Amino acid sequence: METTSLFSSDKMSKYSSTRRDEGEMRPRGSRVSQAAMLIRDAYLGFQDAPVEGYYDPYSYDNEIRTVRNQISVVCGRLVVQLRGVAVFVCWVQFMLTFFEPPTWCRDASDLQIVATSRGDDNTNEFGDCKILFEAFGVTADMEENKALYPNFDAMLLTITQSRSIEIGCVGFIAMYMLLQYGDDGFFPSFFFYRGYKRWIRASQCVILIMLLLSILIGNTTFNPFLRMAILGTFLRGFQRELLTLIKMIPDVLYVLSMLGIIVLFYAWFGVVMFVDSPQGRTFPNLLEGMWTLWISVTTANYPDVSMDSYSENRLVAIYWVSFMVISFFYIMNLILAVCTQQYDKSINFRKVSREKLAKKLLSDAFTLLDQKDQGFVSRESIMNVMAILNQDMPEVKTMSPEEKSIIYALLDKNGSDSICLDEFLDWSLVMLLNLSKESDYATLVETKLPNVYQSQWYTQLSEAVKSNRFDTAIDVILVLNAMTILMQDYSMLVGHDTGDPENDETLDSKWEKLETIFTALYVLEVMLKVTINGWKKYKESARNLFDFFVTCMTILASFYVYYPNTYNNTDLIRFIVMARVLRLVRLLFAIESFRLLGAITLDILPASRDIFLVLLFVAYFFATSGQLLYGGYITRDPSNPLSHALLEATDFTSSAYWPNNFNDMFSGMNVLFNLLVVNNWTTCIQGFEYTTGSKTVRFFFLFFHLICVTGISNVITSVVITSFFQQLEVIEHRYGPNERVDGTSIRGSRAFFAANVLTGTNTGAQGKYSAHIQAVNFDVDIDERAVMRRVFGRSNTADSK
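Residues numbered from 1 in each chain as written. Predicted model: local features only at pLDDT ≥ 70, side-chain atom pairs only at ≥ 80, totals over all residues. Heavy atoms only, no water.

1. Observations concerning the environment of G793
Along the polypeptide, G793 turns up in the segment after α34 (784-792). In sequence terms G793 and R740 are 53 residues apart; their C-alpha atoms lie 9.5 Å from each other. Beyond its immediate chain neighbours, meaning those up to four positions away, G793 contacts K413, V741, D742, T759 and M788. (Helix = DSSP H or I, 4+ residues; strand = E, 2+ residues; numbered from the N terminus. Contact = heavy atoms within 4.5 Å.)

Okay, here's the thing in structure tokens:
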């Protein structure tokens, strides 16, 4: 890593030196720095603004502003290095809503239970929320010692603590935006440059101002929405998926309108057909009939809803079956098909647009560096660009001098010591390589104890640990461990266990002593593998990391329970025993089909992360809205009239759905998750209908169902389907036969090569290296083998450049 400061006066002078050949008035420094920006954007796959939209501290025009330029360089580095911290701070602010006193109960003086309980100074820190959330007693339905205002018991922060944390978060975000302003040379024209950059920056400024004003005036009712919004401005993947969903709306609405027409027709028919019959209670009018049929589409009340009419006349099944076939089996699957098609189009569009953007940006960068229009760029210019990428653009992985030489050699495919345009266009692909030197994998024994490493007994031990027989032996131990736990838990599994903690022999039984021996064997396995293979190589295996996590979890929990103290929790002890069984999952790795599915799953998770973020944000929005609209409506407080109204909701009360409420954020999120699962969601709605005294509450739950269940849930299914087939193809290529490309061996997902000469270019680097693809964007698949063949293969570019 280079240690020379790039914003020192000597460096600044070097990059600001001008070359006015052929009337060119643009400085060399400006060209190099702008080319570096373009290459960075090509690598990242997006561009917030063109190079004209960024302040260039190396340009000739700004040469006299030495202090401003140096500050701009420092701010630019801090902006990238602190971006992760800024996102974390936004998440902290986002999570405040879950742990602070809900707004609805901070002042609940109109409730009798609050009026009779006030006077305790400790409750003032939480408003009236602490009185309500800690209230236990006889409920309206005469149950004793029950929570009168059911909640998740997650109110960990006082109002003052929440406000203090939010002030700190807002302050840090404001400071971060000030650094962004400094990165743009303290020029508003750059900070609010037109396009994406202007929209994001303006949104962040407006949201911050609103947050500050709400804190100053002491009204933070709508702060949760502002917290969500400020976090969303920092999450590019979330913005991309949200835009994809918005673009899908017209096509999905066409299908939903078709469903609406069918529901309207069948409801109309049902109202007429079921008049003066028992079924008529669910079809008293057109709107109620449509609501009944919509619930049927969600399968929450089918076939219960049809039993009144079906019991009287079996032919009425034609009505119900035809409706379900058209609405549920056809149209709902049609919505899934539309979402899948649109998402496929979105993925293909992203892939093509990124390739076009990379080609355009790299072509522009090449033009900037090829000042004399010679058709090639010199080695010196390439190295200058790499210096700026290293020191001013932390988004790009830092390159050592040897790695710079290797990257240059991979670009210079014909060994002419200069880079033509066709070679230059591969730069964004070459930068995807994560290079590792073979010596980096040297173990502690190899470096610190060379005599031991070269001894015969250590060599034999290494061969044994690296052999398949060692893993087979561990698998046998796992099977024996599973059989031991099965015998230990047999009485509970067959339902004969009394559940008496005094008779629980889990801790001191002979079985537990045997379990301790198994744990010791697992610890020995981890120690041997880390010692023989080294930590760097050990942690590259998902299987090893899983074993390591389970082993550490078991050891820590065991120490916590077995260490002499007053703590005694038999549930935790049983958890420790079952944690060992988790290691049995590794047996699935021995089956090729499961191993393939596991690899695909690990690849799908990053790709689906952003769409799950959209789901989280929508659920957060509805949970916060539900808390404002319906907080405190689900109560068992006999002094609150709402509790007596709730008792009339017989389905709700008989199902003991009291915890399904919007009294706090966690409870609200649980309600919304229940709606996502769909089953029995109407029972939950019934409670809110009776306590609000209005059926307009249905619109709240209907909108959530349409957006999240019908919309986002189908998109998630589309993501999984699309990503599965993409990754299946990628993995089949990844684990194809070994290849050799111009002296480079490609095995699995890695390329192995000697660094001294690559593609005919002498690098000056020594030793053996390995490389693998480290993706920047996970939403689009990368054919790793194809990229490696292109990067490590020599081209047919003409030798004369």
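2. Quick look at the sheet that holds strand β5 (residues 433-437)
Strand order in the open sheet formed by five strands is β5-β11-β8-β7-β6, and the pairing between neighbours is antiparallel. The two strands at the open ends of the sheet, each matched to only one other strand, are β5 and β6 (739-741). Sheet twist, expressed as the mean angle between neighbouring strand axes with direction ignored, is 25°. Contacting β5, β8 (750-754) and β11 (768-773), helix α16 (residues 401-411) crosses the sheet at an angle of about 130° to β5. (Pairing = 2+ DSSP bridges. Axes fitted to C-alpha atoms, helices over the stretch in contact; angles between N-to-C directions.)

3. A word on the state of the cysteines
This model, assessed by the stated rule, comprises one disulfide. Here C105 engages in a disulfide with C129; their sulfurs sit 1.9 Å apart. One quick way to see it: the torsion about the S-S bond of C105 and C129 is about 100°, and its sign makes the bridge right-handed. Residue C105 is located in the loop between α4 (83-99) and α5 (112-117), and its partner C129 is located in helix α6 (residues 129-133); the two are separated by 24 residues in the primary sequence. For C169, which is in no disulfide, the shortest distance to another cysteine sulfur is to C90 and amounts to 7.9 Å. Look at C169 and you get buried, because its relative accessible area is 6%. (Disulfide = S-S within 2.5 Å. Buried < 20%, exposed > 50% of the residue type's maximum accessible area, 1.4 Å probe, protein only.)

4. So, α16
α16 sits mainly inside the fold: nine of its eleven residues count as buried. Regarding α16, the residues found buried are E403, K404, S405, I406, I407, Y408, A409, L410 and L411.

5. Section: the packing of helix α12 (residues 286-297) against helix α32 (residues 681-692)
In the contact formed by α12 and α32, the axes pass within 11 Å of each other and the chain directions differ by 140°. The angle between α12 and α32 places the two elements in the oblique class. Only W681, T682 and I685 of α32 make contact with α12, whose side of the interface consists of W291, W294 and I295. (Parallel < 35°, antiparallel > 145°, perpendicular 65-115°, else oblique.)

6. What about the side chain of T220?
With respect to the helices, strands and loops of the structure, T220 is situated in the loop between α9 (196-217) and α10 (223-232). By relative accessible area, T220 is classed as buried at 14%. A polar contact is formed between the side chain of T220 and the side chain of R106, at a distance of 3.4 Å. If sequence neighbours within four positions are ignored, T220 has contacts with R106 and S214. (Polar contact = N/O pair within 3.5 Å; in protein donor to acceptor, adjacent residues only side chain to side chain.)

7. A word on the environment of Y408
You can see Y408 is positioned in helix α16. On the accessibility criterion, Y408 (0% relative accessible area) is buried. Leaving out residues up to four positions away in the same chain, Y408 has contacts with R379, I382, M383, M386, D417, S418 and I419. Here S418 takes part through its backbone nitrogen, which lies 3.2 Å from a polar atom of the side chain of Y408.

8. Side note on empty space enclosed by the protein
If a probe the size of a water molecule is rolled over the atoms, the empty space left behind becomes visible. Applying the stated criterion across every chain, the model contains six cavities of 30 Å³ or more. Estimates place the volume of the largest cavity at around 100 Å³. In terms of lining residues, the largest cavity is bounded by Y43, V396, K397, T398, M399, E403, I407, M431, L433 and L435. At the level of elements, α16 and β5 are the ones that each hand at least two residues to the lining of the largest cavity. Class assignment of the residues belonging to the lining of the largest cavity gives a composition of seven nonpolar, one polar and two charged. (1 Å grid on protein atoms, 1.4 Å probe; cavity = no way out; pocket = protein on both sides within 12 Å on 5 of 7 lines; lining within 4 Å. Points joined across faces, edges and corners; volume = space filled by probe spheres on them. Nonpolar A, V, L, I, M, F, W, Y, C, P; charged D, E, K, R; others polar.)

9. Here we look at the nonpolar core
If you look at the biggest cluster of nonpolar residues, it comprises 97 residues, and the most contacted ones within it are L293, W681 and F701. Membership of the second largest hydrophobic core comes to 60 residues, among which are M37, V385, V430 and I773. (Core = buried A, V, L, I, M, F, W, Y, C linked by side-chain atoms within 4.5 Å.)

10. Brief notes about the side chain of S625
Looking at the element boundaries, S625 is found in helix α28 (residues 592-630). For S625, a relative accessible area of 13% puts it in the buried group. With near-sequence residues (within four places) excluded, S625 lies in contact with F225 and F700.

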